Amino acid sequence: MTTTRPCLSRLLTQLGAAALLSFLGASAAQAAHAQAAKPVGKTPMKRMAGAEVLKATTAEDWREPSLEHTLYMDTAAGRVVIELAPAFAPLHVQNILDLVEDGYFKSSAVLRVHENYVVQWGAPEDEDAKQVKGLKKAKAEIADGELFIKPHAGTRITPLPDGDAFAPVAGMAGGFPAAADPKVGQTWLTHCYSMVGIGRGEAANSGNGSSMYVVIGQAPRNLDRNVAVVGRVLQGMEWLTSLPRGTGDLGFYTDAKQQQPIQIRRAIDVPEAERVALQVLRTERPAYLNWLQAKRFPASSWYLQDPGRVELCSALPPVRKKPS
């Protein structure tokens with residue numbers, strides 16, 4: 001007598017993700033994680049386009065980045081707005097703020113533009129810069145040879161419903177893409193497009209904030225937990241992605257004349273009339289979950305097949321100018 005294995009999609013409908021994992025012989029821990037991460041329903045009760053979801057939001061669904069932890073990088077082409085994440089990398093962030101206050105980035109430049117990878121900036125000659133000599137704090141954010149970022153008690157991950165290839169848990173925490181491994185007690189920010197990290201050398205604790213980079217290509221998630229991630233570009237990515245690519249190794253500019261001059265200031269030090277008033281969708285609010293569902297099940301008739309999923313780096317919360 002022959003037996004027929006039940007259709008997986010039917011099992012998902014009838015049993016739920018946790019029961020399916022048990023059916024396939026998965027561990028109880030995996031089953032529990034699947035149960036916690038499974039979506040509320042197959043599709044929204046009413047399909048809505050992402051723009052419709054955002055239009056229906058209220059003022060409470062949006063937050064304003066802290067002026068103390070927002071940086072303005074002014075380039076010849078335009079302004080880049082960076083929100084720092086002190087909850088995840090407090091020592092690195094403090095190093096950056098100290099350098100900004102000391103004027104370190106007043107004469108800095110973009111040194112490297114690596115196609116489909118990163119744009120990196122810092123001082124062209126910073127080996128003897130007095131502001132850098134005392135920056136040893138990054139050492140405290142390293143454990144067992146790996147960089148790790150542990151958020152404060154008030155920061156929790158809003159998990160995505162579709163899992164992640166690089167971590168047991170992935171989602172948004174405080175508006176930043178984050179991942180976690182409960183078994184080892186680590187939580188970290190991830191290398192998605194527009195995320196800002198710390199340049200370092202061979203030694204794990206050799207990065208201190210004097211050199212930073214932003215991801216401009218397909219998310220290099222293999223860098224997660226190998227380099228500290230300290231924030232996200234909220235506005236102005238177009239000024240960075242359109243820079244000429246470096247022709248040297250790893251995209252470094254081989255001629256100092258090619259280096260793109262920049263200045264970095266804290267938003268709070270900029271006159272109010274010159275600030276950029278931005279808001280970020282709160283990732284702990286139902287409006288964000290509705291926005292995710294709109295990405296998973298688009299309302300547009302152009303789609304022949306629902307994606308039905310959304311991956312971490314496609315789930316960065318929307319940013320808008322503050323309504324007047």
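Per-chain numbering applies: the sequence of each chain, read as written, is numbered from 1 onward. Per-residue local features of the predicted model are confined to residues with pLDDT of at least 70, and side-chain atom pairs are confined, for both listing and counting, to 80 or more; whole-chain, interface and lining totals are unaffected and use all residues. Water and hydrogen atoms were dropped before computing side-chain values, which therefore reflect all heavy atoms in the structure.

**Student:** Residue-level account of the nonpolar core, with values.
**Tutor:** One finds Ile 82, Val 119, Trp 121, Val 214 and Ile 264 to be the most contacted residues of the largest nonpolar core, which totals 32 residues. Numbering of helices and strands starts at the N terminus; helices are DSSP runs of H or I of at least 4 residues and strands are runs of E of at least 2. It is helix H4 (residues 90-101) that provides the largest number of residues to this core, a total of 5 residues. Every residue pair with non-hydrogen atoms within 4.5 Å of one another is taken to be in contact. Excluding residues that lie within four positions of it along the chain, Ile 82 makes contacts with His 69, Thr 70, Leu 71, Met 73, Trp 121, Val 196, Arg 232 and Val 233. By convention a nonpolar core is built from buried Ala, Val, Leu, Ile, Met, Phe, Trp, Tyr and Cys residues, the set being connected through side-chain atoms within 4.5 Å. Residue exposure (1.4 Å probe, protein chains only): buried if accessible area is under 20% of the type maximum, exposed if over 50%, otherwise partly exposed.

**Student:** Which residues make up the sheet that holds strand E8 (residues 158-159), and what values do they have?
**Tutor:** By definition, two strands form a pair when at least two bridges between them are found by DSSP. If you trace the 4 strands from one edge of the open sheet to the other, you get E8-E9-E10-E11, paired in antiparallel fashion. Unpaired on one side and paired on the other, E8 and strand E11 (186-189) mark the two borders of the sheet. Taken together, the 2 bridges between E8 and strand E9 (residues 169-173) define a ladder with antiparallel strand orientation. Across the sheet, the residue bridging to Pro 159 is Gly 171, located in E9.

**Student:** Outline the packing of aromatic side chains, listing residues and values.
**Tutor:** Here the aromatic set is Phe, Tyr and Trp, taking the six-membered ring for Trp, and pairing holds for ring centres within 6.5 Å; pairs whose planes are under 30 degrees apart are stacked, those over 60 apart are edge-to-face, and all others are tilted. Summed over all chains, the structure comprises 3 aromatic pairs. Ring centres of Tyr 104 and Phe 105 lie 5.0 Å apart, and the angle between their planes is 85 degrees; this geometry places the pair in the edge-to-face category. Across this residue pair, the class does not change: Tyr 104 and Phe 105 are buried. We count a charge as sitting over a ring when the NZ of a lysine or the CZ of an arginine lies within 6 Å of the ring centre and within 35 degrees of the ring normal. Above the ring of Trp 188, the side-chain terminus of Arg 225 is found at 4.0 Å from the ring centroid. The aromatic ring of Trp 62 is capped on one face by Arg 320, whose charged end is 4.1 Å from the ring centroid.

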